[in-house]
Amino acid sequence: MELQIEPRSQERSLGTAIPCSDRTPSDTIPASVHNLRPGDIKVISALGDSITAGNGAGSSRLNVIDVLTQYRGLSWSIGGNEDINTVTTLANILREYNPSLRGFSTGKGSETTTQAYLNQAVAGARSEDVPSQARRLIELMKNDPKINFQEDWKVITIFIGGNDLCDHCKDLVRYSPENFTSNTQTALDILHKEVPRAFVNLVTILHITVLRELYQEKKVYCPRLITRNLCSCVLNPADNSDEIDILESFNKRYQEQTHNLINSGRYDTREDFTVVVQPLFEEAEMPMTPEGLPDSSYFAPDCFHFQQKAHSQAARALWNNMLEPIGKKTKLRSFVTEINLVCPNQTQPYLMTYRNSNYTYQNEKTEDYGSQLLCDDRMPSINNPTSVHSLKPADVQVIAALGDSLTAGNGVGSKPNDILDMITQYRGLSWSIGGDASLQSVTTLPNILREFNTHLTGYSTNKGGPSDMNAFLNQAVPGAKAEDLPDQVKQLVKLMKSDLRIKFDTDWKVITVFIGVNDLCNYCKDMNHYSAANFSTHVKEALDLLHAEVPKVLVNLVEVMDPLPLRQLFLDSRLSCPTHLAEDLCSCVLPIRDGSSEMVMMKEAIKAYQNSLQKLVWSNMYDTREDFTVVLQPFLQITELPHLQDGRPDTSFFAPDCFHMSQKSHSQLAKALWNNMLQPFGEKNISFSLMVNITLSCPTLHQPFLGTYKNSNWTHSSPDPTNQPDKNWGSDLLCPRPAVSKNIPTSVHRLQPGDIQVVAALGDSLTSAIGVKATDLNDLHITWRGLSWSSGSDGNLEMHTTLPNVLKTFNPKLTGFSTGTKKETAGFNVAEAGAVAPNLPAQAHELIKRMKSSLDVNYKEDWKLVTILIGGNDLCQYCLDKETYSVEKYVEHIQDTLDILYKELPRAFVNMVEIMELTGLRQIEREASGCVLSGASLCPCFLNPVENSPELQEMQQTNRDFQDKTAMLIYSGRYAQREDFAVVLQPFFRNTIVPLNNDGKPDLSFFAIDCFHFSERGHAEMAIALWNNMLEPVGHKQSYNNFTYGRTKLKCPTTEQPFLFTSRNSKIQSPENEAGSDGDRVPYWAVIVAVTAGTLAGSFLVWVLMTLGICKRRRLGSSATTENTTPF
């Protein structure tokens, strides 16, 4: 057969004439992206793959090896070789409007060469690589002295997806449309967050199967072996095969979901930023010669990449797209057709956006919440399984559900703001049991299972109550509580036994149970009736009935959902949620405030509910039969509220009452539940984010069954939170979103946790962490600085609770923390064992020296957090040298230290932790056994005096004087004259409480083996107390320690007060009132009064705790089950 390289289509000029006469920029630099003229563009950049990198764009016809060359200067969207007369690119077009345009690439080379400039496309890149390209681009723009990053207008063009489609058949999940969209969203989110004044062209992926025409035409020469290797998933499959159908589906959904992402309005929350979909490639056809053959002259020698001829046409089409209004953009069908450049005109001189197009996004998929299931093996077991631990998805023949209004589907399909429709139960759309339409448009658990077994029955359809025929085995009742669950079970069993479609004894069934939110909503009204114990009892009664009555069942017991994040919908005044209904919807949750006692109570109740279900399931009482099991699906254990880019909660995920879920959320719930069902025990997701693109998992060859404890080789363990954890003293920080300022604050009174860049600490052995993990006397000299409460950062917060590990959840780039035990890794922890107050000024000088010499610290610009705790050794030696360790000298040394920091250290928030109350050491010395050192040798002035002696009374008074005089110094106003510096007294040790065990004796698990220093558990509690103090206003700080184990004790910044508290913002909390004038400052006498009042309140509370503890021990004796306390 004759191979044809010629004839080709008529030669086309690679240059272009600009027909536009008006090329002037705006009279003044526009503030809005919707008023942006071509001449206003100062910077151009691009992200993508080898098409944008220009691979082979300038290669001669048969030089296949040269396709490796990246001709970036010829790239359609960013190249800047020569000028528009000879090279048509978007950059060269824009240079006709602004000859000073910067950023375009020239010549050849990779993205790392200087010629590439802001063309950061990478050959071979996939969508998952674009976020890193975006970060690199931002870094280049910020560091370029010729670019005014804040003021210059930028055009950024993104084109990606070809390599994803070329490899999609190798990993259908990795290259799924959901993951493609998620990757694109991540990159755009980075740009939206970081880049001011930007117009982003998001070019949709071309119709890639047209490449098959060139590849298959034998009359046209192509290096087919090379081409096939470049894009095997597109070129290898046979025509009309299932593989081609999947490819076409992926290709179309890549395009559709790109439109849906932008049509959501996610990137139109700022006046100076927008993303516009440019669809020029969506319907592109193969260019043909006059003889009707594919025209290879538009392609590089590999018949895959674009030759300069195609780059020229693409540039023209992109430019025209940018000037065409949204909804009327041209899709380039033929590369052969002459493309004339359009011009801005007087009526519409701007680059077109949704706003200046007068366009309202209409997402064609608003009512389509379908999913794609990419599982190859959908076959049932060869024989109907006899064991629930060998149950494949296709073996399930019956599905059922029990629960409350979430399962009943209240409001799922209601229109926004149609609050009256909340009574409608959209059971056909319910996440766990709905069966409306199919998986292609409605994602529910039954619709997923119907992909495996089309004969599945039991699911509900349409609307109605539990007694309606279409509800079928959806027996959930709106408003139901756990106590109603047994009655639902009885009705369900009755229905299954009587329905002719169900073979009750032989059909395998999946029953999903979700309950508890209504119990929690009523918890505060009757804590006994709605106790975790009663909740568990009711659930147990329901499960016992199922266990006794129903054969062949896998029961999904879904974890109790934490409803606390829903409060944000009712506390954010920017939303249109029906706040007047908060009390009616969920009075014990929705109206409560952050930091309140009600909040603490509800957090504990939620955890207790969740733990009660874990105990129930992990008791193995429902694993006595081979055909029955209960599986706890924990994905709702931690829930994350979705937020828009401006920080507002995204109400599109909720029904009109802002409490129930919309179909958008039900789709996410169904996916999360399905994935939980396939995950083995010990690897199940325990968190749920509505915003994440969830890809449906598939059974695997190694694990084809629904996950149970037995086929996971899992052994249940007790979840009892009162026991010490097996591995660590970490914490869970359940804050809804990062607390970081949009712009770096200039005032310490507007400092959020995420703004902290540097952490440091001064002090003695408590801060250097002597003996934290010591096991014998030989280890006591080791400083475990990596576990230090105020400066350590070994591991992460889940493993070790320290202040830096908390802060790193807000700012992962935090520096200055200490790790390990060696001096080289101490960071900015300059504390020394045995230090006394006279040593503190030298530590301050050393700290400043380290910071100034550190390459990781921008000394002038970075916000620093310095924690100081000193005085324990001073008090312990006071009686030996009362002049050296006098109160006056102690305060003088602290003042000298703070003066040094105040003079030398810019942008600093200083925690001055109040010296602890040392009297409690006497109880440890008196009642504890097993201490490796005598307490009297460690702290003679407190431990040697006789009880009630004048010497002891003097020590107690001196201890209190240390505290009081320090407070007077801090609140004197001495350190309040700088806007970027504050010293805040953190008083959690003022009324120190010794933690007791169940026998009423000191709990030594909080102490090192010398019974004087703290163990890791003690350091964790100090870190929690300090962090919580930092989030409490001055005058209302907790002035006692609460050493009781709990992973969720860490507080969160609030919407009303996202800042670390200082004296000033404790009084004036709203930004509009926080003026810098003296008239707005808090009088320091008022601060001292407030602090004193807070201290008295703390002392009173300690007295109450003491009294309750004593009374309780009198009543219960040694059988007490809670951790008691006594003053230290």
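Fair warning: this is a prediction, and the values are worked out from it, not measured in the lab.

> Help me understand the overall build of the protein, please; the structure alone is not making it clear to me.
Counting secondary structure elements, the protein contains 31 helices and 16 strands. Buried positions account for 60% of the 1128 residues belonging to the protein. When contacts within the protein are restricted to residue pairs at least 6 apart in sequence, long-range pairs at least 24 apart make up 75% of them. Accessible area of the protein: about 44900 Å², with a carbon and sulfur share of 51%.

> Looking at this structure, I do not really get the state of the cysteines. What am I missing?
Two cysteines whose sulfur atoms are joined by a covalent bond form what is called a disulfide. In total, this model carries 10 disulfides according to the counting rule given. Paired by a disulfide, Cys 20 and Cys 343 hold their sulfur atoms 2.0 Å apart. Between Cys 20 and Cys 343, the S-S torsion sits near -90°, and that sign places the bridge as left-handed. One end of the pair, Cys 20, is in the segment before strand 1 (41–48); the other, Cys 343, is in the loop between helix 10 (308–323) and strand 5 (396–403), and 323 residues separate them in sequence. Using a relative accessible area of 5% as the deciding quantity, one classes Cys 20 as buried. Among the residues examined, Cys 343 registers a relative accessible area of 27% and is labelled partly exposed. A sulfur-sulfur separation of 1.9 Å characterises the disulfide bridge that pairs Cys 521 with Cys 586.

> Hey, could you run me through empty space enclosed by the protein in this one?
To locate leftover empty space, one rolls a probe as large as a water molecule over the atoms. Applying the stated rule across the entire model yields 11 cavities of 30 Å³ or more. What the largest cavity holds in volume is close to 270 Å³. Secondary structure elements with two or more residues in the lining of the largest cavity: helix 1 (50–53) and helix 4 (162–167). Of the residues belonging to the lining of the largest cavity, the class tally is 16 nonpolar, four polar and two charged.

> Just checking my understanding: could you explain the sheet that holds strand 11 (residues 756–763) for this structure?
Either a parallel or an antiparallel arrangement is found when strands of a sheet pair, and the pairing is made through backbone hydrogen bonds. Spatially, the four strands line up as an open sheet ordered 11-12-13-14, and their pairing is parallel. Of all strands in the sheet, those with a lone pairing partner are strand 11 and strand 14 (981–986), marking the two edges. Averaged over all pairs of adjacent strands, the angle between strand axes in this sheet comes to 20°, irrespective of strand direction. Alignment of strand 13 (residues 908–913) against strand 14, held across six bridges, turns out to be parallel. Residue pairing for strand 14: Val 910 is matched across the bridge by Val 983. Along the sheet face, helix 22 (residues 840–853) touches strand 11 and strand 12 (863–869) and points at about 150° away from the line of strand 11.

> I'm lost on the packing of aromatic side chains in this one. Help?
Think of a pair of aromatic rings as described by two things: how far the centres are apart, and how the planes are tilted against each other in angle. Using the criterion set out here, one finds 22 aromatic pairs in the structure. With a centroid separation of 6.0 Å and 65° between ring planes, the pair formed by Phe 281 and Phe 306 is classed as edge-to-face. Of this pair, Phe 281 sits in the loop between strand 4 (273–278) and helix 10 while Phe 306 is found in the loop between strand 4 and helix 10, placing the two residues 25 residues apart along the sequence. In this structure, Phe 281 and Phe 306 share a single accessibility class: buried. With a centroid separation of 6.5 Å and 80° between ring planes, the pair formed by Tyr 523 and Tyr 609 is classed as edge-to-face. One end of the pair, Tyr 523, is in the loop between helix 14 (517–521) and helix 15 (532–549); the other, Tyr 609, is in helix 18 (residues 597–618), with 86 residues separating them in the sequence. Pair check on accessibility: Tyr 523 and Tyr 609 agree, each one buried. The ring of Phe 104 has Arg 95 sitting right over it, with the charged end atom 4.3 Å from the ring centre.

> Help me understand the pairing of strand 6 (residues 508–514) in this model?
Two faces make up the sheet, and in a regular strand the side chains alternate between them. Strand 6 sits mainly inside the fold: seven of its seven residues count as buried. Side chains Trp 508, Val 510, Thr 512 and Phe 514 of strand 6 all project onto a buried face; the interleaved residues Lys 509, Ile 511 and Val 513 project onto the opposite face, where all are buried too. With seven bridges joining them, strand 5 and strand 6 adopt parallel strand pairing. Looking at the pairing, Gly 403 lines up with Phe 514 of strand 6. Bridge count for strand 6 against strand 7 (residues 553–558) is five bridges, and the pairing is parallel. Counted as the bridge partner of Val 510 is Leu 554 from strand 7.

> Would you explain the confidence of the model for the protein in this entry?
Any residue range with low pLDDT should be treated as having predicted coordinates unsuitable for detailed reading. When pLDDT is averaged along the protein, the result is 87, and 90% of the positions lie at 70 or above. The low-confidence segment residues 362–366, where pLDDT is below 50, has five contacts with residues more than four positions distant or belonging to other chains. Under a pLDDT of 50 for its full length, residues 717–726 has, in the predicted model, 14 contacts with residues more than four places off or in other chains.

> Looking at this structure, how should I read the pairing of strand 2 (residues 153–159)?
Of all seven residues that make up strand 2, seven are buried, and the element is covered over most of its length. Covered by surrounding structure in strand 2 are Trp 153, Val 155, Thr 157 and Phe 159 together with Lys 154, Ile 156 and Ile 158, the residues of both alternating faces. Bridge count between strand 1 and strand 2: seven bridges; the pairing is parallel. Within strand 2, the position partnered with Ile 41 by the bridge is Trp 153. Relative to strand 3 (residues 198–203), strand 2 is paired through six bridges, and the arrangement is parallel. In the strand pairing of strand 3, Val 155 is matched with Phe 199.

> When you look at the environment of Pro 196 in this model, what are you seeing that I'm missing?
One can find Pro 196 in the loop between helix 5 (177–194) and strand 3. C-alpha of Pro 196 to C-alpha of Glu 271: the two residues are 75 residues apart in sequence and 9.7 Å apart in space. Excluding residues within four positions of it along the chain, Pro 196 makes contact with Phe 149, Gln 150, Asp 152, Lys 154, Arg 270 and Asp 272.

Here is what the cut-offs are and how they apply
Residues numbered from 1 in each chain as written. Predicted model: local features only at pLDDT ≥ 70, side-chain atom pairs only at ≥ 80, totals over all residues. Heavy atoms only, no water. Helix = DSSP H or I, 4+ residues; strand = E, 2+ residues; numbered from the N terminus. Buried < 20%, exposed > 50% of the residue type's maximum accessible area, 1.4 Å probe, protein only. Contact = heavy atoms within 4.5 Å. Areas by Shrake-Rupley, 256 points an atom, 1.4 Å probe, with all protein chains shown as cover. Disulfide = S-S within 2.5 Å. 1 Å grid on protein atoms, 1.4 Å probe; cavity = no way out; pocket = protein on both sides within 12 Å on 5 of 7 lines; lining within 4 Å. Points joined across faces, edges and corners; volume = space filled by probe spheres on them. Nonpolar A, V, L, I, M, F, W, Y, C, P; charged D, E, K, R; others polar. Pairing = 2+ DSSP bridges. Axes fitted to C-alpha atoms, helices over the stretch in contact; angles between N-to-C directions. Phe/Tyr/Trp six-rings, centres within 6.5 Å; stacked < 30°, edge-to-face > 60°. Lys NZ or Arg CZ within 6 Å of the ring centre and 35° of its normal. pLDDT = per-residue confidence, 0-100.

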